[in-house]
Amino acid sequence: MEKIFKLRERGTTVSREVVAGITTFLAMAYILAVNPGILSDAGMSFGPVFTATAVSSAIATLVMAFLANLPVALAPGMGLNAFFTYTVVIGMGCSWQFALTAVLVEGILFIILSLVGIREAIIRSIPASLRKAVAVGIGLFIALIGLSNAGVTSSSLGTIIGFVTLNTSNPAALVAILGLIVTIVLYVLNVPGSILIGIAVTTVIGIPFGVTTVPSGFSPVSLPSAPYFLQFEWTDVLSLKFFIVFFTFLFTDMFDTIGTLMGVSEQAGLTDKNGNIPNAKEALLADAVGTVAGAMLGTSTVTSFVESSSGVAAGGRTGLASVVTAVFFLLALFFSPLFALIPSAATAPALIFVGFLMMKSVSSIDFSELTEGIPSFITIMVMPFGYSIAKGISWGIIAYVICKVAGKKAKEIPLVTWILAAFFVFDIIFEAVK
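Asker: What should I look at first to understand the overall build of the chain in this one?
Answerer: A tally of regular secondary structure across the chain gives 19 helices and four strands. Expected size for 434 residues packed as a compact globule is a radius of gyration near 22 Å; at 21 Å, the chain falls within 12% of this value. Taken over the C-alpha atoms alone, the chain extends approximately 65 × 65 × 45 Å along its principal axes. Within the chain, the proportion of its 434 residues that are buried is 55%. In the chain, of all internal contacts separated by at least 6 residues, the share reaching a separation of at least 24 is 80%. By element, 68% of the accessible surface of the chain is carried by carbon and sulfur atoms, the whole surface being about 17,600 Å². Positive and negative side-chain charges of the chain, numbering 20 and 21 respectively, have mean locations separated by a distance of 7 Å.

Here it is in structure tokens:
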């Protein structure tokens, strides 16, 4: 074990890594309830997606453990699953099989890009301010979905959007807000697994309100459901629509992963003096392999989870912590009825609170520099208000090019950004005239 994970070199112990791995699992296990819930809105069944979520998370996390030796866990990403369901399937009218095909192609390309080192080069060419803005915009988008799913917000109140009255006439909304209070208190008190505990407590609170329904003869343990296996749709793979979907998955996943890896590695004290991530190529390969595995099993893009920072805070410094997290994901396969019991009102606090966690990047955006601040603001604004992650990214990049040119700073625009802006302008024109 010492030879594989270099425990002494990184100043840690087996017991500390085990505690860290469990802490990370508790911090991110909400994905086992939230991801199937979001993908069910795309027409997929809870059981198969639950299995795909657990297995793909375990596979990707084990790859991270043994290839990169980092205390980073992976699972289907928040924001990416929202894009899968609410933009691609519901917004664009595509089938979930079409969306899975785009995820598969993205994962395969990521494996190739990771192996040859191109992926890191692409990441370096995208403006740092936009990377941070994408995270913030996705956070607001996810929070809005949580509020909407629980019925906390409504457009039938005489305004564009507003909060409903929190009483027994809106039991789901009332339960969600109570659950959010519980989650906030637990998180502020630094309780490990506060988000997951918040979901569990909210589920229990929902029983007397009639929001949580416990079927007769309920048993929390069962055999795992068979996942959706190789459910792909290749007929429109050469269409512009497929490329737009595929590229958005690619772009969003890229910055989710690199941002998390940088943050967790720095927190663990594993980066070098230049801020470089140890075994970066192998770490990027882990989420690519996980994405391919997830698509084959029937779930959205797998990416590194920022909740891994909770395990690092508990002392995790090596891939051994990731091995422990992966084992717990596999054990969770046998408790799917327990997770299926959880209503939308109970997962809504998790969605809202993850929105807060993703908002933290806004503090490092320099809004006083207009050519950086304006594009960042547009990116953040469009995602929730336009109810589209894809549009937020495209309008943000277009705004970045416009602002840099207007500010006589065109030389600061990377070539790849020019290409992306041209592509997104073409997409807007194509959408307007079709």
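That was the structure; now back to the text.
Asker: What exactly am I supposed to notice about the pattern of salt bridges here?
Answerer: Two side chains that carry opposite charge are able to pair once their charged atoms sit near each other. Overall, the coordinates contain three salt bridges when judged by the stated rule. When the shortest N-O distance is used, the salt bridge between Lys409 and Glu369 registers 3.1 Å. With Lys409 in the loop between helix H18 (389–406) and helix H19 (415–433) and Glu369 in the loop between helix H16 (344–359) and helix H17 (370–385), this residue pair connects regions lying 40 residues apart in the sequence. Since its relative accessible area comes to 26%, Lys409 is described here as partly exposed. Since its relative accessible area comes to 24%, Glu369 is described here as partly exposed. When the shortest N-O distance is used, the salt bridge between Lys404 and Glu372 registers 2.9 Å. Here the residue Lys404 occupies a position in helix H18, and Glu372 occupies one in helix H17, the gap between them amounting to 32 residues. It is possible to trace a salt-bridge network through shared partners that takes in Glu372, Lys404 and Glu412.

Asker: What is the right way to read a nonpolar patch on the surface from this model?
Answerer: There is a patch of nonpolar side chains on the surface, built from Ile108, Ile112, Leu115, Val116 and Ile118 and spanning about 440 Å² of accessible area. Residue contributions to the nonpolar patch peak at four residues, all from helix H6 (residues 96–116). Here Ile108 shows up in helix H6. Ile108 gets classed as partly exposed once you look at its relative accessible area, which sits at 41%.

Asker: How should I be thinking about H18 in this particular structure?
Answerer: Two residues of an α-helix separated by three or four positions point the same way, owing to the 3.6 residues in each turn. Taking 1.5 Å as the rise per residue, H18 with 18 residues should run 26 Å; its terminal C-alpha atoms sit 26 Å apart, in good agreement. Most of H18 sits inside the fold, with 13 of its 18 residues counted as buried. At the C-terminal side of H18, Lys408 shows a positive phi close to 60°.

Asker: Is there a simple way to think about the packing of helix H4 (residues 46–68) against helix H14 (residues 319–331) in this case?
Answerer: When two helices pack together, their arrangement is captured by the angle between the axes and the distance separating the axes. Running from N to C, H4 and H14 point in directions that differ by 165°, and their axes come no closer than 8 Å. It follows from the interaxial angle that H4 and H14 lie roughly antiparallel. Seen along the crossing, H4 lies across H14 with a hand that is left-handed. Taking contact as the criterion, the partners of Ala54, Ser57, Ala58, Thr61, Leu62, Ala65 and Phe66 in H4 are, on H14, Gly319, Ser322, Val323, Thr325, Ala326, Phe329 and Leu330. Of the residues contributing to the contact of H4 with H14, the split by class is nine nonpolar, five polar and no charged.

Asker: What exactly am I supposed to notice about the environment of Ala410 here?
Answerer: Relative to the assigned elements, Ala410 resides in the loop between H18 and H19. As for Ala410 and Tyr400, which are separated by ten residues in sequence, their C-alpha atoms are 9.9 Å apart. Leave out the neighbours within four places in its chain, and Ala410 touches Lys404, Val405 and Trp418.

Asker: Mind showing me how you'd approach the side chain of Ser322 here?
Answerer: On the secondary structure map, Ser322 appears in helix H14. Taking the relative accessible area as the measure of exposure, Ser322 reaches 1% and is therefore buried. Those residues in contact with Ser322, other than ones at most four positions away along the chain, are Thr61, Ala65, Leu70, Pro71, Val72 and Ala73.

Asker: Got a minute to help me understand empty space enclosed by the protein in this structure?
Answerer: Remark: the empty space left among the atoms is shown by a probe the size of a water molecule rolled over them. Inspection of the entire model under this criterion finds one cavity of 30 Å³ or more. When its volume is computed, the largest cavity comes out at roughly 30 Å³. For the largest cavity, the full set of lining residues is Thr24, Pro71, Val72, Ala73, Ala321, Ser322 and Thr325. No other element matches H14, which puts three residues into the lining of the largest cavity. Across the lining of the largest cavity, the residue classes tally to four nonpolar, three polar and no charged.

Asker: It is not clear to me how the packing of helix H8 (residues 128–149) against H16 should be interpreted in this structure. Could you clarify?
Answerer: Following both chains from N to C, one finds H8 and H16 inclined at 160°, their axes separated by 7 Å at the closest point. It follows from the interaxial angle that H8 and H16 lie roughly antiparallel. Note that H8 runs across H16; the crossing there is left-handed. Contact residues: Ala135, Val136, Ile138, Gly139, Leu140, Ile142, Ala143, Ile145, Gly146, Leu147 and Asn149 in H8; Ser344, Ala348, Leu351, Ile352, Gly355, Met358 and Met359 in H16. Its residues assigned to classes, the contact of H8 with H16 shows 13 nonpolar, five polar and no charged.

The rules we used
- Residues numbered from 1 in each chain as written.
- Predicted model: local features only at pLDDT ≥ 70, side-chain atom pairs only at ≥ 80, totals over all residues.
- Heavy atoms only, no water.
- Helix = DSSP H or I, 4+ residues; strand = E, 2+ residues; numbered from the N terminus.
- Rg over C-alpha atoms; globule rule 2.2 N^0.38 Å.
- Buried < 20%, exposed > 50% of the residue type's maximum accessible area, 1.4 Å probe, protein only.
- Contact = heavy atoms within 4.5 Å.
- Areas by Shrake-Rupley, 256 points an atom, 1.4 Å probe, with all protein chains shown as cover.
- Lys, Arg positive; Asp, Glu negative; His and termini not counted.
- Charge placed at Lys NZ, Arg CZ, Asp CG, Glu CD.
- Salt bridge = Lys/Arg side-chain N within 4 Å of Asp/Glu carboxyl O.
- Patch = residues over 30% accessible without salt bridge, like charges linked within 9 Å, V, L, I, M, F, W, Y side chains within 5 Å.
- Expected span 1.5 Å × (residues − 1).
- Axes fitted to C-alpha atoms, helices over the stretch in contact; angles between N-to-C directions.
- Parallel < 35°, antiparallel > 145°, perpendicular 65-115°, else oblique.
- Left-handed = near helix turned anticlockwise from the far one by under 90°.
- Nonpolar A, V, L, I, M, F, W, Y, C, P; charged D, E, K, R; others polar.
- 1 Å grid on protein atoms, 1.4 Å probe; cavity = no way out; pocket = protein on both sides within 12 Å on 5 of 7 lines; lining within 4 Å.
- Points joined across faces, edges and corners; volume = space filled by probe spheres on them.

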